[in-house]
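Notes for the structure review
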Amino acid sequence: MAQYSYRLYGLRIKTDLDFSQLVAEDAETVTEPVPEIRIEEGEIPKEILRETTRKYDFGPDFSFLSNRTMWMVVEQGRFIRYRRKEGSNPFYVKTYLLGYGMAMIAMQRGQLAIHCSAVADERGAVLIAGESGAGKSTITTMLLEQGYELMADDMAVVEPRTDRTFVYPAFPYQKLCRNVAVEQGYDLTRLLYINEEKDKFLVPYRGAFSTEARPVKAFIMLGITKGEKVQTGEIMGIHRFPVYADNLFLRHLLQKEKYTPQIGSKCIAMATTVPTFYIARPAEGDSTTEVAHILHQILKCQIQGS
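A brief structural summary. (Residues numbered from 1 in each chain as written. Predicted model: local features only at pLDDT ≥ 70, side-chain atom pairs only at ≥ 80, totals over all residues. Heavy atoms only, no water.)

Looking at the environment of Leu112
Short version of the rule: What counts as a helix is a DSSP run of H or I of at least four residues, what counts as a strand is a run of E of at least two, and both are numbered from the N terminus. The contact definition used throughout considers only heavy atoms, calling two residues in contact when any of these lie within 4.5 Å.
Structurally, the position occupied by Leu112 is in strand β9 (residues 112-115). A C-alpha to C-alpha distance of 14 Å links Leu112 and Leu98, two positions 14 residues apart in sequence. Not counting residues up to four positions away in its chain, the partners in contact with Leu112 are Ala156, Val157, Val158, Leu248, Ile263, Lys266, Cys267 and Met270.

Here's what the structure looks like:
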């Protein structure tokens, strides 16, 4: 039986779990029509419980995932049922539900879950993606300090429409590396440690958080170059397609399925509506100032051209 009600990615989440990081809503006073998603503990099909080789599958109406933590099924873009495995960490259950579970929901609803951060101002949203160490957290923090509002830190849900692509807000938390969390004055002993491999913490965001969907005005792909200078440019036409396909939140699980019509058509639709740029910094040295300057120039041109 659902006990909690939240807002996430433009949806009303009814669930039997307490997600302290999500934006809660008072179900008694909110009456506007919002699509409702149910996340509840429930029965898992026996064939999935017995499955020993296939750990996941994706479909337009039914998807499932099995790992060391849980079993999870996602149906009709509306329902997530889970069953925790004995001895597993309850926090990891919630993490998988908000990550893989909601990414599957988005896919079934004709949307895309992108592995990126999202910030917004009154003109629209900027999505920032990048390989590990490329500076995504640094650039995101820089824009937030300059007045942008946070929309998402790790996964953004986007919906390509006829002439624009919109991004929906996640929740006001960030995943910060140890050094960034220390620089921002957080007491690490009071934070939730979430990633030993990347040494990251989940921290509440203290600044402004956008609660409304925003049109995407630019997608920034950060990278690392073997050269000695920062490289930058606009990604044009069909070359945008792999940028979005390769940054899907479920990309490692989807593998070649990310090119199927169900998903590929959405990536193409996004590619036709979102200006897309790359900025690659040298592996050696600190080029943060130069990257920031280039980003400002890109966003300035987008403002002037809109």
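Comments concerning helix α3 (residues 136-145)
We apply this condition: Three labels apply to residues, based on accessible area from a 1.4 Å probe with only protein chains included: buried if under 20% of the type maximum, exposed if over 50%, partly exposed otherwise in between.
Counting buried positions along α3 yields eight of 10 residues, so the element is predominantly enclosed. Residues of α3 that are buried: Lys136, Ser137, Ile139, Thr140, Thr141, Met142, Leu143 and Leu144. Phi turns positive, to about 110°, at Gly147, one or two residues after α3.

Structural notes on the pairing of strand β2 (residues 11-15)
Keep this limit in mind: When DSSP finds two or more bridges between two strands, those strands count as paired.
Burial analysis of β2 places five of its five residues in the buried class, which makes it a mostly covered element. The sheet contact formed by strand β1 (residues 4-8) and β2 spans five bridges and is antiparallel. Across the sheet, residue Tyr6 finds its bridge partner in β2, namely Ile13. With antiparallel pairing between neighbouring strands as the criterion, β1 and β2 make up a hairpin whose turn holds two residues, including Tyr9 at a positive phi of roughly 55°. Summarising the sheet, β2 and strand β4 (residues 36-41) pair through four bridges and their orientation is parallel. For Arg12, the partnering residue across the bridge sits in β4 and is Glu36.

Observations concerning helix α7 (residues 261-271)
Short version of the rule: Taking the helix axis as origin, the arc is that swept by the directions to the C-beta atoms.
Every buried residue belonging to α7 is among Ile263, Gly264, Cys267, Met270 and Ala271, and all of these are buried. For α7, the angular spread of buried residues about the axis comes to 120°, placing them on one side.

A word on unusual backbone geometry
Positioned with a positive phi, Tyr9 is a non-glycine residue whose angle comes to about 55°. Summarising the element assignment, Tyr9 is placed in the loop between β1 and β2. What makes Tyr9 buried here is its relative accessible area of 4%. Even without being a glycine, Gln255 presents a positive backbone phi close to 50°. Tracing the backbone through its elements, the reader meets Gln255 in the loop between α6 (251-254) and α7. Here Gln255 falls in the partly exposed class, since its relative accessible area comes to 48%.

Considerations on the layout of surface pockets
Put simply, the rule reads: Here a cavity means grid points, on a 1 Å grid over the protein atoms only, where a 1.4 Å probe fits yet cannot get out; a pocket means an open set of points with protein on both sides within 12 Å along at least five of seven lines; lining residues are those with an atom within 4 Å of a point. Grid points are joined across faces, edges and corners, and a volume is the space filled by probe spheres set on the points.
In this structure, the second largest pocket spans a volume of roughly 250 Å³. Considering the residues around the second largest pocket, the lining is formed by 14 residues, among which Arg7, Gly10, Pro169, Thr211 and Glu212 are closest to the centre.

Comments concerning the nonpolar core
A general feature of soluble globular proteins is that nonpolar side chains tend to end up buried together. To keep things clear, this is the line we draw: We call a set of buried residues a nonpolar core when its members are Ala, Val, Leu, Ile, Met, Phe, Trp, Tyr or Cys and they connect through side-chain atoms within 4.5 Å of each other.
Leu8, Leu97, Met102, Leu127, Val167, Phe219 and Leu250 are the most contacted members of the largest nonpolar core, which has 66 residues in total. A total of nine residues in this core trace back to one element, the largest contributor, which is helix α2 (residues 90-108). Apart from the residues within four sequence positions on either side, Leu8 is in contact with Ile13, Leu22, Leu98, Met102, Pro169, Ala170 and Phe171. Leu143, Leu144, Tyr205 and Ile298 belong to the second largest nonpolar core, which has 24 residues in total.

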